[in-house]
Amino acid sequence: MNKTRQTLLYIFFDFLSATCSWTAFFLLRKGFIDPTFGNIKPEITLDLNYYYGVSAIPLMWLLLYYLNGYYKNIYKKSRLNELTQTFLITLLGSIIIFFFLLLDDIVETHQTYYKSLLFLFTTHFVLTYIPRVIITSITNAKIHNRKIGFNTLIIGSNEKALNLYNRLQNKRKSTGYKFVGFVNVIEQNSYILHDYLPHLGYIDSVVEIIQNNDIEEVIVAIESKEHQYLEKILYSLEGVKIIIKAIPDNYDIISGRVTLSSIYDEPLISISHDLMPSWQENTKRVMDVCVSGFVLIFGMPFYVIVALCVKLSSSGPVFYKQKRIGLHGKSFYIYKFRSMYVNAESNGPELTQENDTRITKVGEFIRRFRIDEIPQFFNVLKGDMSLVGPRPEREYFIQKLIQHAPHFIHLQRVKPGITSWGQVKYGYAKNIDEMLERLQYDIIYIENMSLYVDVKILIYTIKIVLLGKGL
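Describing the packing of aromatic side chains
Following the criterion strictly, the structure yields 22 aromatic pairs and no others. Seen from their ring centres, Y70 and Y71 are 5.4 Å apart, and the 80 degrees between their planes marks the pair as edge-to-face. Like Y70, the residue Y71 is buried in the burial classification. Centre to centre, the rings of Y165 and Y196 are 6.0 Å apart; their planes meet at 55 degrees, and the pair counts as tilted. Separated by 31 residues along the polypeptide, Y165 in helix 5 (residues 159-169) and Y196 in the loop between strand 2 (177-184) and strand 3 (199-202) bring together distant segments of the chain. Judged by relative accessible area, Y196 falls into the partly exposed class, the value being 45%. Here the aromatic cluster, defined as three or more aromatic residues joined through ring pairs, consists of F87, F121, F125 and Y129.

Structure, rendered in structure tokens:
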């Protein structure tokens, strides 16, 4: 199973369909609308305007599909949802093209506008949807025939887990679950499920088990007597990039919490959820890349001056890198302009204090205006960070924070950021207690994530930078 290959397959046919539909539409306009051509003639040529359009229009369509989240969960597509999604995005894209490119056409009646728009929409929709539904149908058939599967872990070891396993395994058409094993919640002498699946360990080791076995989905199938451990289970899975589902009870079914992605699927509750709609999440990434690229390219002369000042202020490198913990607990190196003397932490990790003697004179200035953070735009381009998100911490301080606030692990559900709600409201923390106070703002941000909130935080950050209140 190769998700990259499958994604590229969709992208290739989407690009090809957009190119063909634009070519057909361009010939229609030249043949029927452009007064210099009159009726369709054999000598109609593809002029420079066509090549401009065919270079940009297909890319616009791919961007719309990406922002809409079409290339997400590439193996878990519903043909009905695909039909609706393709129809709506084609309508939106056709309207965008109409207002930006077609309103300048010289036409005899407004009906010509409507006909050309209808032709563009119909041609693009048909040419786009047909390859999509073929690819999706082939993929779904492979899943139903168990040629494609998703490594799945069962949390539970007794009757409910066994019944679920048997129901899913005995289905005539598979829904893609490829069971790797199970983990237990309560220690027992023996487990009913052990006769059918390998026992991979206890719930305390679930994260390591997921990583070692490339688990993509987890199904929680615990007994009624084990429900008191549900919070512990979900906490153990916090920050792990997987799909989490659970067996519902009657209340869950009546309240409408149970969802089906396929008529062949088992009715389960989807516990894991996206913090932002797909279009906002993808727009956030596009905004990250565009803003970071702009800042890094157009600020280059200024960075050269900063680099010279840092170099002349004290001996040592211009840039400073430090290992931090990011999305889903993965470590990465964060980059800064060096603001402290070399070997400033020779006695171990320390937080910055007022009148900190480790900070150079130039360091004080660039920290006040957050200039030292500018190299982190490179981290954003790489995808380790975002413009807005909880500030990344070091493993040393994370372990201390978790002792006081286990819910700190919630922050690893999102990419860390150059600026954050906690940073704006509270600023730099000087000790663990202040870090815990700042934590509440970051938790609030995660529970209320949106592009609107991100823009608001960025505006406040710019205000802080301009006023020199970065310390």
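That shown, we press on.
Regarding helix 13 (residues 395-404)
Within helix 13, burial applies to F397, I398, L401 and I402. Take helix 13 and look down its axis: the buried residues cluster within an arc of 140 degrees, on one side only. In this structure, the buried side of helix 13 is in contact with helix 7 (230-237), strand 8 (319-325) and helix 15 (432-447).

Things to note about unusual backbone geometry
Notably, N73 is not glycine yet its phi reads approximately 50 degrees, a positive angle. Among the structural elements, N73 can be located in the loop between helix 2 (48-68) and helix 3 (79-102). A relative accessible area of 47% places N73 in the partly exposed class. Notably, R146 is not glycine yet its phi reads approximately 65 degrees, a positive angle. Within the element layout of this structure, R146 appears in the loop between helix 4 (110-144) and strand 1 (150-155).

Criteria and thresholds
- Residues numbered from 1 in each chain as written.
- Predicted model: local features only at pLDDT ≥ 70, side-chain atom pairs only at ≥ 80, totals over all residues.
- Heavy atoms only, no water.
- Phe/Tyr/Trp six-rings, centres within 6.5 Å; stacked < 30°, edge-to-face > 60°.
- Buried < 20%, exposed > 50% of the residue type's maximum accessible area, 1.4 Å probe, protein only.
- Helix = DSSP H or I, 4+ residues; strand = E, 2+ residues; numbered from the N terminus.
- Arc of directions from axis to C-beta.
- Contact = heavy atoms within 4.5 Å.

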